Amino acid sequence: GVSVFSSKMNMKPLLLAWQKQQEFVENASHELRTPLTIIQNNLQHLFTRPNQTILEQSPRIAQALSETRRLTNLTNDLLLIARSDGNQATIQPEETDIDRFLEQLIQPFVEIAEMQDKTFHFTNEISEPLSFDASKIHQVLVILLDNALKYTQAKDEIQLVAKQINPKWWQVVVRNTGSTIPDTQKKLIFERFYREEQSRNQETGGYGLGLAIAKQIIKNHHGKLFVSDWTNQGVQFTLQLPIIPKNLHTEKN
């Protein structure tokens, strides 16, 4: 009896991993099926109108191209997650000027916020260069800022604040005055294919992979990413990363 109980306990992590893998494959298949079906239907329709011009069929061609781009983005996201699961993800830290890095990153988001009648505030309290994988952290912040724009309305406020919190850690906070996230959903939004509002279409809600990818990237940096309420009227995402000593960074290079 003890042996059977011990075997069951040892099998639990394997069964859980297998279940998660099955769910991932099923969800991925579902998400891939939709754009493929739209592309196929549009191409089949074109064959039924052989005498029409490209201009006459441009709406269907444009839709097929749009779905192709979405399919490309989805497959890239799935590949990134698969590499992370297989411990194939690589982090290449390089010394980076934080102020310049963030200024360039937020510029298009500031412009979009102005067009949407939203306020964007940026604060950086870090003066010394830091070492991190700039392309990967850029991807994380784009995901967070894109969500901040997506889930806010006109007159709302978006903030990005960067600072060093102690000699070993620095952080970036992306917050907005949009709707808050219920506590029951805070634990779920970093799950793959999870969308806070299941009724949102893919144009608004995406594939539910963005935050999962962001979480994985920060994990690969040995950092932390978490969500919390901002006062009583918004939400904030906080990413914390370890400060790599210059001498250690030099040795690695």
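Residues numbered from 1 in each chain as written. Predicted model: local features only at pLDDT ≥ 70, side-chain atom pairs only at ≥ 80, totals over all residues. Heavy atoms only, no water.

Counting through the fold element by element, K118 comes out in the loop between α3 (98-115) and β2 (119-124). Buried and without a salt bridge, K118 has D156 as its closest oppositely charged side chain, separated by 6.5 Å. Reaching out from K118, the side chain makes a polar contact with the side chain of Q116 at a distance of 2.8 Å. Sequence-distant contacts of K118, that is, excluding residues within four places in its chain, are made with A113, L149, T152, Q153, A154, K155 and D156. (Helix = DSSP H or I, 4+ residues; strand = E, 2+ residues; numbered from the N terminus. Buried < 20%, exposed > 50% of the residue type's maximum accessible area, 1.4 Å probe, protein only. Lys, Arg positive; Asp, Glu negative; His and termini not counted. Salt bridge = Lys/Arg side-chain N within 4 Å of Asp/Glu carboxyl O. Polar contact = N/O pair within 3.5 Å; in protein donor to acceptor, adjacent residues only side chain to side chain. Contact = heavy atoms within 4.5 Å.)

Looking now at the pattern of salt bridges. Scanning all chains against the criterion turns up 5 salt bridges. Linking D183 and K186 is a salt bridge whose minimum nitrogen-to-oxygen distance equals 2.9 Å. On the criterion of helical spacing, the pair formed by D183 and K186 is a turn pair, its members being 3 residues apart in helix α5 (residues 183-186). For K186, a relative accessible area of 13% corresponds to the buried category. When salt bridges that share partners are traced, they join D183, K186 and D229 into one network.

As a further point, take the packing of α3 against helix α4 (residues 134-150). To describe two helices that pack against each other, one gives the angle between their axes and the distance between the axes. Interaxial distance between α3 and α4 falls to 11 Å at its minimum, and their mutual angle equals 20 degrees. Here α3 is positioned roughly parallel relative to α4, judged by the angle of their axes. Of the two possible hands of crossing, α3 and α4 adopt the one that is right-handed. Across the interface between the two elements, F101, L102, L105, I106, F109, I112 and A113 from α3 touch A134, I137, H138, L141, V142, L145, D146 and L149 from α4. Of the residues belonging to the contact of α3 with α4, the class tally is 13 nonpolar, 1 polar and 1 charged. (Axes fitted to C-alpha atoms, helices over the stretch in contact; angles between N-to-C directions. Parallel < 35°, antiparallel > 145°, perpendicular 65-115°, else oblique. Left-handed = near helix turned anticlockwise from the far one by under 90°. Nonpolar A, V, L, I, M, F, W, Y, C, P; charged D, E, K, R; others polar.)

Taken together, 5 strands build an open sheet; the order of strands is β2-β4-β5-β7-β6 and the sheet is mixed. In this open sheet, the two strands that pair with only one neighbour each are β2 and β6 (224-230). Strand after strand, the sheet turns through a mean of 15 degrees between neighbouring axes, direction not considered. As paired strands, β2 and strand β4 (residues 157-166) are joined by 6 bridges and run parallel to one another. Each bridged residue has a counterpart across the sheet, and for F120 the counterpart in β4 is I158. Across the sheet, α4 touches β2, β4, β5 (169-176), β6 and β7 (234-242), and the angle it forms with β5 is around 20 degrees. (Pairing = 2+ DSSP bridges.)

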